[in-house]
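# Geometric and topological summary
Each chain, letter by letter, is given below.
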Amino acid sequence: MPDFLLYEQDGPVVTLTMNQPEQRNPLTGNTAIPEFLAAIERIHDDRSVRCAILAANGPSFCAGGNIHEMKRQASPEVSEMDIRQDYRRGIQRLALSLFNLEVPVVAAINGHAIGAGLDLACMCDIRIASEKAKFAESFIKLGIIPGDGGAWLLPRIVGMSRAAEMALTGDTIDARQALDWNLVSRVVAPEELLPATRAMADRIAVNAAHGIRLTKRLLREAIHARLSEVLELSAVYQAVCHKTPDHSEAVNAFLEKRAPIFG
């Protein structure tokens, strides 16, 4: 079986492409989770990477969980404790790993982002959607809950009322409604999706590596911290940044009226 996740690096940008289109790129019942975890660790450890893109082959972005795996979990042979461990050792590790990755991730959502597929997109920092994209927090339609962090992620992006509407109805929204609800940053024609996503990644990656990583970490920490705590952490991060060669280069480039050249 071919790899679920394709890893390609072009300069400071890594593109991760989900590559099981015949099954709509599910996150369970396959090797998706370990491949994601390995790729995220590889990106984190590679200081040359300044931005990542998450894309998908086929007409769907990600269909979420594999329905055959759900049937297995519902069988009498699988206990509640087994299922709990499946989540803790599987998709919940992906949520923590991707959300905490210091390198920014831009999602290119080409089609259906359903259930865990929507939550996967929410783990990313920026979401760009094709006009053909569809979104649903659809767990309720299968009699289950968002078990992968969606109940934490979605309200922080669209607000509690709209998150509740999506989670409690399981209804599907289109790309334009997703844009209105701030679920995505922009909507583009299907043929423009990957170029627009790469352009966004390039706009990020042109900046200093330390500044990019520490800015993302600061934004993540600020989600659940008090202002006083964020200010203290900001002082520490800023002190580190002020002593980097990239900062010196940026200051000199500004004074010399030229573009900076970062290492």
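Above this text sits the structure in question.
Here's what I pulled together on the structure shown here. Keep in mind it's a predicted model, so treat the numbers as computed, not measured.

### Describing the side chain of D119
- By the element assignment, D119 lies in helix 5 (residues 116–123).
- There is no salt bridge for the buried D119, and the closest opposite charge comes from R127, which lies 9.9 Å off by N-O distance.
- Apart from the residues within four sequence positions on either side, D119 is in contact with E137, F139, P146, D148, G150 and L153.

### Some details on helix 11 (residues 227–242)
- Helix length check: helix 11, at 16 residues, gives a terminal C-alpha distance of 22 Å against a target of 22 Å (1.5 Å per residue), a fit within 8%.
- Residues of helix 11 that are buried in the fold lie against helix 10 (209–222) and helix 12 (245–255).

### Remarks on the packing of aromatic side chains
- Scanning the model with the defined rule gives two aromatic pairs in all.
- Judged by centre distance (6.2 Å) and plane angle (55°), the ring pair of F4 and F36 falls under tilted. Of this pair, F4 sits in the segment before strand 1 (5–10) while F36 sits in helix 1 (residues 32–45), and the two are 32 residues apart along the sequence.
- Using a relative accessible area of 1% as the deciding quantity, one classes F36 as buried.
- Ring geometry for F99 against W152: centres 5.3 Å apart, planes inclined by 90°, an arrangement best described as edge-to-face. Note that F99 is positioned in helix 4 (residues 91–100) and W152 in helix 6 (residues 150–158), a separation of 53 residues in sequence.
- When its relative accessible area of 32% is taken as the criterion, W152 is described as partly exposed.
- Lying across the ring of Y7, R42 places its NZ or CZ 3.6 Å from the centre.
- Taking the ring centre of F99 as reference, the NZ or CZ of R220 above it sits at 3.8 Å.

Thresholds, definitions, all that
Residues numbered from 1 in each chain as written. Predicted model: local features only at pLDDT ≥ 70, side-chain atom pairs only at ≥ 80, totals over all residues. Heavy atoms only, no water. Helix = DSSP H or I, 4+ residues; strand = E, 2+ residues; numbered from the N terminus. Buried < 20%, exposed > 50% of the residue type's maximum accessible area, 1.4 Å probe, protein only. Lys, Arg positive; Asp, Glu negative; His and termini not counted. Salt bridge = Lys/Arg side-chain N within 4 Å of Asp/Glu carboxyl O. Contact = heavy atoms within 4.5 Å. Expected span 1.5 Å × (residues − 1). Phe/Tyr/Trp six-rings, centres within 6.5 Å; stacked < 30°, edge-to-face > 60°. Lys NZ or Arg CZ within 6 Å of the ring centre and 35° of its normal.

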